[in-house]
Amino acid sequence: MVREGWALAALCLLVSAACGSEGYDKGEDKIAGFNVLIAARQGSRGQIDRSTLWQAAPHRVRRQGVVPDTADVYWLHVDSRVTSRFATVTVESKLANRADRGREAVFTMQLPEAAFISNFSMVINDTLYVGSVMERGAAREAYDAAVEAGESAGHVSQESPRGREVFQIAINVGAEEKVTFQLTYQEFLVRRLGIYEHVISIRPAQIIPDMRISVDLREPQGFSFLRVPDIRTSDLLTDQSTDELSTAAVSRVSPEHYTVIYAPSEQEQTAMSAEGIMGDFVVQYDVIRHEQIGFIQVYGDYFVHYFAPTGLPVMPKSVIFVIDVSGSMRGDKIRQTKEAMAVILDELRGLDFFNIVTFSDRTTRWRSELQVANQANVKAANTYVNNMIATGGTNINDAIIEASALLDQVLRHDSRASMIVLLTDGQPTIGVTNTNQIIANARDHLAENHALFCLGFGYDFSFEFLERLALQNGGFARRIYPDTDGELQLTSFFDEVAKPLMIDVNMGYGQGGSSALQVADVTQTAFSNYFNGSEVVVAGRFPGAPPSNFHVTVTGKGAQDALSLVEDFQLASLAAPEGFVERLWAYLTIKDLLKKERTATEEEQQSRLKERALNMSLEYNFVTPLTSVVVLQNDRQTQSADRVSGDDAGLRYYVKTSSYSGASSGRSWPFWLVASAVVLALLPT
């Protein structure tokens, strides 16, 4: 190793993320960790040269609950570009140490759960550091090697906020010095209850002289509405304002293009709190839909299909509410469940059929068979629910089998959507307690005839278990946070599934009227239900030259009869205005692969899916549950610390795919993001 004169330093930041990996459960770990350690020089091909590990002085680490002596934020600029629901958000922050001594510069950003980080870069002392994505296990191995070698390591913890991940990095900045951080992440906006919601976290914890949030939205279908509500300062659904943010400048450039700019003055920030703005900036909108078969965009070899038909009548449904009444549900949980069920039962439609199964040590049916949702039955069901008492253990297996048996009695009614809504707050403790066996039993009994939706109340359960249980049976899982708005969380969930419009939905793609498969690497194409206010999105690619004709079919069952939508498109008419389609395809494909990996029943299949998701994460520079980003000094390149922009901001992708071809064997860290700042010391002889 070459050593010249004084110590040369390079800053290496390891970031491991599980953004958008709802199924990677945190188990008992409810905090995110941020580790600072001394590590080694990085050799060729991205590997760590263990021979260069050096002993170094401990690095000061900020502990939770201690107010740090931090540098001031000069400005905070957020630039978001949303094209056809796909948001690319770049957060740029400049911090200055005006003191005559070293201080800590802290960059913190809360990200949506579904987001993937695609870039992180820094300018420190006019030197640019840029990020590249690597396989997660190798990054973890570097950390372990440093610890085993006796290097200094610290740990700081932070609670993760509801529905968001926390990214944080802290470095020491010398007197009168500045540092600029830039973080880019991407997220696909999901339509719920007829609304796309773009949420940007603004929580700098201080008044900022220059703050600016700029959002550019382009939807080729045209906007049916767009609104900017007040800053959302609370996670509680009960505290969300319906008022407009009057200081946001909303401009309608064209029917397909809006811009939103929010630049609060220091006085406006102070009026919100002593720490300035501490909340979420939100843009809500929906688009105009002209074709029942949906909207398709093509760019190069890639396509994306957005399907959200309008004008379909609501299907009647058969629904079983499976409610945990074990001892752990005592108190607020059972009270909020009763309050929520009163609202949910009252919202059942007259053509719906329903029943209730409660479970603790054993299962109990409210009625022996499904009941029509008339006024008398709803009133009787409310009485039953109000008399529920929480006691005993948790027998999830028998409860699901009991609910399935009730629905099997009415399988002949094909015009109804059939579903089970399971609410529990704990792990199975009675009867079958092996979660893999419960999942297998549920799959065998439901037999793709009934969709299963799982709600987990609180934190004392495995979300991974509930998500696998739901995904393998045509539903999804949702966490209900133990807070004062628990009742509203429950009713809001049911609003999403209360109005099924189609069941057994299948999307098909061919060429020139042929049913032969003409596309490859297509995301999920079969869906058990399509609900009012939601959207089905499928992405894929053409394996060869794109065809001139694109044959699209959508089939399913509706309230009145079987539905079949067929259309032949001229590919030239589907051209997307920008080249974002490939990256959106990659984002959706990685999400789809991770979901399939969580529901796969064979280990070999799981490995194949994970390896493909890993390789795509590396190729497209996404920080996913399988990858980490490493920030290294860009050799012989210096930049002004005043601004980071363009290619010099590290927007180019430095990806070392050749060194990492297998799936990570390390543990996935769900809901959380772990940042490790690694200092490389090249000491003189």
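Nothing here was measured: the structure is a model prediction, and the numbers come from that model.

(A) Up close: the overall build of the protein chain. Scanning the protein chain from terminus to terminus reveals ten helices and 32 strands. For the protein chain, the residues scored as buried account for 55% of the 685 residues in total. Long-range pairs, those at least 24 residues apart, make up 79% of the contacts in the protein chain between residues at least 6 apart in sequence. Surface summary for the protein chain: the accessible area is close to 28000 Å², and the carbon and sulfur share equals 48%.

(B) Spatial organisation of the nonpolar core. Residues Leu217 and Phe281 are the most contacted members of the largest nonpolar core, which totals 81 residues. Top contributing element to this core by residue count: helix 9 (residues 581–599), with nine residues. Beyond its immediate stretch of four places on either side in the chain, Phe281 contacts His198, Val199, Ile200, Ile202, Ile213, Val215, Val228, Ile231, Leu245, Val260 and Tyr262.

(C) Here's a closer look at the pairing of strand 16 (residues 279–287). With nine of nine residues buried, strand 16 is to be regarded as a mostly interior element. Here strand 11 (residues 196–202) pairs with strand 16 via seven bridges, running antiparallel. Considered in strand 16, the bridge of Val199 is made with Val282. Inspection of the sheet shows strand 13 (residues 223–227) paired to strand 16 by four bridges, in the antiparallel sense. Bridging from a neighbouring strand, Phe225 pairs with Asp286 of strand 16.

(D) Up close: the sheet that holds strand 16. Strand order across the open sheet formed by three strands is 11-16-13, with antiparallel pairing between neighbours. The sheet is open, and its two borders are formed by strand 11 and strand 13, each paired with just one other strand. Going across the sheet, the axis of each strand differs from the next one's by a mean of 15°, ignoring polarity.

(E) Main features of the pattern of salt bridges. Within this structure, the stated rule accounts for 24 salt bridges. With a closest N to O distance of 3.0 Å, Arg598 and Glu467 form a salt bridge. A residue pair is termed long-range when its members are at least 10 positions apart, and Arg598 in helix 9 and Glu467 in helix 7 (residues 463–471) qualify at 131 residues. Since its relative accessible area comes to 9%, Arg598 is described here as buried. For Glu467, a relative accessible area of 8% translates into the label buried. For Lys557, the salt bridge goes to Asp504, with nearest N and O atoms at 3.7 Å. Of this pair, Lys557 sits in strand 29 (residues 549–557) while Asp504 sits in strand 26 (residues 500–510), and the two are 53 residues apart along the sequence. Shared partners join several salt bridges into a network, and the residues in it are Arg85, Arg191, Glu219, Asp286, Arg289 and Glu535.

(F) Geometry of helix 5 (residues 396–408). A rise of 1.5 Å per residue sets the reference length of helix 5, with its 13 residues, at 18 Å; its end C-alpha atoms lie 19 Å apart and thus fit the reference within 8%. Those residues of helix 5 lying buried are Ile396, Asn397, Ala399, Ile400, Ala403, Ser404, Leu406 and Leu407.

(G) Representation of helix 7 within the structure. In terms of residue burial, helix 7 counts as a mostly covered element, since seven of its nine residues are buried. All buried positions along helix 7 are accounted for by Phe463, Phe465, Leu466, Glu467, Arg468, Leu469 and Ala470. The inward-facing, buried residues of helix 7 abut helix 5, strand 23 (417–424), helix 6 (435–446), strand 24 (451–457), strand 25 (477–480) and helix 9.

(H) Structural context of the sheet that holds strand 27 (residues 526–531). If you trace the four strands from one edge of the open sheet to the other, you get 27-26-29-30, paired in antiparallel fashion. Strand pairing shows two members of the sheet lacking a second neighbour, strand 27 and strand 30 (562–570), which therefore form its edges. Neighbour to neighbour, the strand axes of the sheet diverge by 25° on average, direction disregarded. Sheet analysis places strand 26 next to strand 27, joined by five bridges and oriented antiparallel. Its bridge partner lying in strand 27, Met502 is registered against Tyr530.

(I) Spotlight on the packing of helix 5 against helix 6. Running from N to C, helix 5 and helix 6 cross one another at 5°; their axes reach a closest spacing of 10 Å. Taken together, the axis directions place helix 5 and helix 6 in an arrangement best described as roughly parallel. Along the contact surface, helix 5 presents Ile396, Asn397, Ile400, Ile401, Ser404 and Asp408, while helix 6 presents Ile438, Asn441, Ala442, His445 and Leu446. Classifying every residue of the contact of helix 5 with helix 6 gives six nonpolar, four polar and one charged.

(J) Broad picture of the side chain of His551. With respect to the element layout, His551 can be found in strand 29. Overall, the relative accessible area of 10% leaves His551 in the buried class.

(K) Examining the confidence of the model for the protein chain more closely. Looking at the protein chain, pLDDT values average 79 and 77% of them are 70 or higher. Highest mean pLDDT in the protein chain belongs to strand 15 (residues 257–262) (98); lowest belongs to strand 2 (residues 31–38) (25). Contacts for the low-pLDDT stretch residues 634–685, under 50 throughout, to residues beyond four places or in other chains number 193 contacts.

(L) View of unusual backbone geometry. At Glu176, a residue that is not glycine, the phi angle is positive and equals roughly 60°. Relative to the helices and strands, Glu176 resides in the loop between strand 9 (164–173) and strand 10 (178–188). Phi is positive for Ala205, close to 65°, though the residue is something other than glycine. In this structure, Ala205 sits in the loop between strand 11 and strand 12 (210–218). According to the relative accessible area criterion, Ala205 is partly exposed, its value standing at 39%.

(M) The packing of aromatic side chains, seen in detail. Applying the stated criterion across every chain, the model contains 29 aromatic pairs. Ring centres of Phe542 and Phe550 lie 5.3 Å apart, and the angle between their planes is 75°; on these two criteria the pair is classed as edge-to-face. Since its relative accessible area comes to 1%, Phe542 is described here as buried. Three or more aromatic residues joined by ring pairs make a cluster, and in this case those are Phe86, Phe116, Tyr587 and Phe622. When the ring centre of Phe622 is taken as reference, the NZ or CZ atom of Arg583 above it lies at 4.3 Å.

How each quantity is defined
As a convention, each chain's residues are numbered from 1 in the sequence order in which they are written. Owing to the predicted nature of the model, reporting of local features is limited to residues with pLDDT of at least 70; listing and counting of side-chain atom pairs is limited to 80 or more, with chain, interface and lining totals taken over all residues. Based on all heavy atoms of the structure, the side-chain values leave hydrogens and waters out of the count. Every helix listed is a DSSP run of H or I at least four residues long, and every strand listed is a run of E at least two residues long, numbered separately from the N terminus. Buried residues are those whose accessible area, probed at 1.4 Å on protein chains only, stays under 20% of the maximum for their type, while exposed residues exceed 50% and partly exposed ones sit between those limits. By definition in these notes, contact holds between two residues if any of their heavy atoms fall within 4.5 Å. Accessible surface area values rest on a Shrake-Rupley calculation with a 1.4 Å probe, where residue burial reflects the displayed protein chains alone. To form a nonpolar core, buried Ala, Val, Leu, Ile, Met, Phe, Trp, Tyr and Cys residues must be joined to one another through side-chain atoms within 4.5 Å. At least two DSSP bridges between two strands are required for those strands to pair. Think of each axis as a best-fit line through the C-alpha atoms, taken over the contacting stretch in the case of a helix, with angles from 0 to 180 degrees between the N-to-C directions. For salt bridges, the criterion is a side-chain nitrogen of Lys or Arg within 4 Å of an Asp or Glu carboxyl oxygen. Here, expected helix span is obtained from the residue count minus one, scaled by 1.5 Å. Every angle not falling under 35 degrees, over 145, or within 65 to 115 is termed oblique; those three ranges are roughly parallel, roughly antiparallel and roughly perpendicular. Put simply, Ala, Val, Leu, Ile, Met, Phe, Trp, Tyr, Cys and Pro go in the nonpolar bin, Asp, Glu, Lys and Arg in the charged bin, and everything else, Gly too, in the polar bin. The predictor reports its confidence for every residue as pLDDT, a score running from 0 up to 100. Stacked, edge-to-face and tilted labels apply to pairs of Phe, Tyr and Trp rings (six-membered ring for Trp) whose centres lie within 6.5 Å, assigned for plane angles under 30 degrees, over 60, and everything in between, in that order. Either the NZ atom of lysine or the CZ atom of arginine qualifies as a charge over a ring when it sits within 6 Å of the ring centre and within 35 degrees of the ring normal.

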